[in-house]
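Structural description and commentary
Residues per chain are reported as follows:
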Amino acid sequence: MTLATLEGGRRAVLVYTVGVLPRPHPEVVYEFVTLGGLAAIWPDDVEILAVNAETPCAHFFLADEEELEIWGELHEELFRPDDLCDQVETRRTGAPTDEAMLRGLACGAHLCHANGDAWNTLRWHGAGYSNEVERLAESWDIFTRDDWQSTQERLLTCEVSPWIWDFVLGARDRLARESGGERVDPVAWRDRVEATMRRQANEGTGPDELDKLVRLLRGLVGAVTRYEARFKADELLPPDGYVRTVAAWDLGRATMVARWGRGARYATEQELHAAIERAGKGVQNAYGSWAEFSAGYVLGRCLHFDEETFGEWYTTVLDTHRALMSDQESPWTAIALH
């Protein structure tokens, strides 16, 4: 909590709303707090709340005992954390204008929409310093700058997701190109996957181990086929479409891990910019459209979490896909992939 002495000697607590938070600084961090949370920790000897001090939208509020009680009541009545999520947020001031940077930022649209974060901000504070540190620790096992750098690089080179996913998808893509774009029969696809795997297997791979891997790969063909059938029914894929690569699952998350790393002060500003531009270039090389990118991201998420239940891991990201493909404020309408 930052305290200041105003003209006349009265003390104030300084807070900022999200849109006017100062640029991240290596030695200064900001925490997230609600009005009710602020009332609960309010210092006894302070009587002024200064919101966005020294900005064009500065406001000052009396913070006596009666007012603090009202804050708590309003918090209980009105604050709903879920209302902050599942929406397209665009920053109107202080956003970058460089097309390559915007393209990279747009690659994180799924997670920005889910979390209610502005998709186009580089001045990243996220959910506050402690929450950003906790998010990386709990979800990514990132506890240090070295951890962040290692994970960030693996995401940007698409080495976090299992290699078998793109191995299987690549086999079908080659079959499709060989047949002039004709629909690939799943039996032929499974056979191509098995033949390729047996041909490329390391000499040290035992026959039992190889047979187990082949069964896994052939089963993955079935899982992808069933997911894509659902995608087509939900208009996430066109009737003749298919997913060529799940690189989007790593690259889309890479743009967010870069931002979260900045919020946790593991990443420098230059590292943040470089990671986002690399992710955008990778997506541009891998996909022909945002719709194609999104389908790859959704498939990766489903293979990672959903286990063919078609539950919330699928339905929530499907809702996000639909919003991002139709909302006038969507980053995918603001910046072209190509």
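Shown above is the structure to which this text applies.
Summarised in this report is the structure supplied together with it. (Residues numbered from 1 in each chain as written. Predicted model: local features only at pLDDT ≥ 70, side-chain atom pairs only at ≥ 80, totals over all residues. Heavy atoms only, no water.)

Now for a nonpolar patch on the surface. A cluster of nonpolar residues, Met1, Leu3, Val33 and Ile41, forms a patch on the protein surface that exposes about 360 Å² of accessible area. On the secondary structure map, methionine 1 appears in the segment before strand E1 (2-5). We classify methionine 1 as exposed; its relative accessible area is 52%. (Patch = residues over 30% accessible without salt bridge, like charges linked within 9 Å, V, L, I, M, F, W, Y side chains within 5 Å. Areas by Shrake-Rupley, 256 points an atom, 1.4 Å probe, with all protein chains shown as cover. Salt bridge = Lys/Arg side-chain N within 4 Å of Asp/Glu carboxyl O. Helix = DSSP H or I, 4+ residues; strand = E, 2+ residues; numbered from the N terminus. Buried < 20%, exposed > 50% of the residue type's maximum accessible area, 1.4 Å probe, protein only.)

In the structure shown here, the tally under the stated rule is 19 salt bridges. When the shortest N-O distance is used, the salt bridge between arginine 10 and glutamate 47 registers 3.0 Å. Here the residue arginine 10 occupies a position in the loop between E1 and strand E2 (11-15), and glutamate 47 occupies one in the loop between helix H1 (35-40) and strand E3 (48-51), the gap between them amounting to 37 residues. One salt bridge in this structure joins glutamate 271 and arginine 145, with 2.7 Å as the shortest N-O distance. Of the two residues, glutamate 271 sits in helix H11 (residues 269-286) while arginine 145 sits in helix H6 (residues 145-156), which places them 126 residues apart along the sequence. Overall, the relative accessible area of 21% leaves glutamate 271 in the partly exposed class. The exposure class of arginine 145 is partly exposed, given its relative accessible area of 33%. Via salt bridges that share partners, Asp191, Glu194, Arg198, Asp211 and Arg218 belong to a single interconnected network.

A few words on the sheet that holds E3. Strand order in the open sheet formed by 4 strands is E1-E2-E3-E4, with mixed pairing between adjacent strands. Every other strand in the sheet has two partners, leaving E1 and strand E4 (59-62) as the edge strands with one partner each. On average, each strand axis in the sheet is tilted by 30° relative to the strand beside it, whichever way the strands run. Here 4 bridges tie E3 to E4, and the two strands are oriented antiparallel to one another. Of the residues in E4, the one forming a bridge with leucine 49 is phenylalanine 61. (Pairing = 2+ DSSP bridges. Axes fitted to C-alpha atoms, helices over the stretch in contact; angles between N-to-C directions.)

Mapped onto the elements, asparagine 120 comes out in the loop between helix H4 (109-115) and helix H5 (129-140). Dropping the residues within four chain positions of it, asparagine 120 is found in contact with Thr90, Arg91, Ala95, Pro96, Leu102 and Leu105. (Contact = heavy atoms within 4.5 Å.)

In terms of nonpolar packing, the biggest core is built from 76 residues, with Trp189, Trp290 and Leu299 touching the most fellow members. The leading source of residues in this core is helix H10 (residues 247-263), at 9 residues. Ignoring sequence-local partners within four residues, the contact set of tryptophan 189 consists of Val168, Leu169, Ala171, Arg172, Leu175, Val184, Val221, Val224 and Thr225. Within the second largest apolar cluster, 11 residues are counted, among which are Leu38, Ala39, Leu68 and Trp71. (Core = buried A, V, L, I, M, F, W, Y, C linked by side-chain atoms within 4.5 Å.)

A cluster of like negative charges, contributed by Asp64, Glu65, Glu66, Glu69, Glu73 and Glu77, occupies part of the molecular surface. Tracing the chain through its elements places glutamate 77 in helix H2 (residues 65-78). (Lys, Arg positive; Asp, Glu negative; His and termini not counted. Charge placed at Lys NZ, Arg CZ, Asp CG, Glu CD.)

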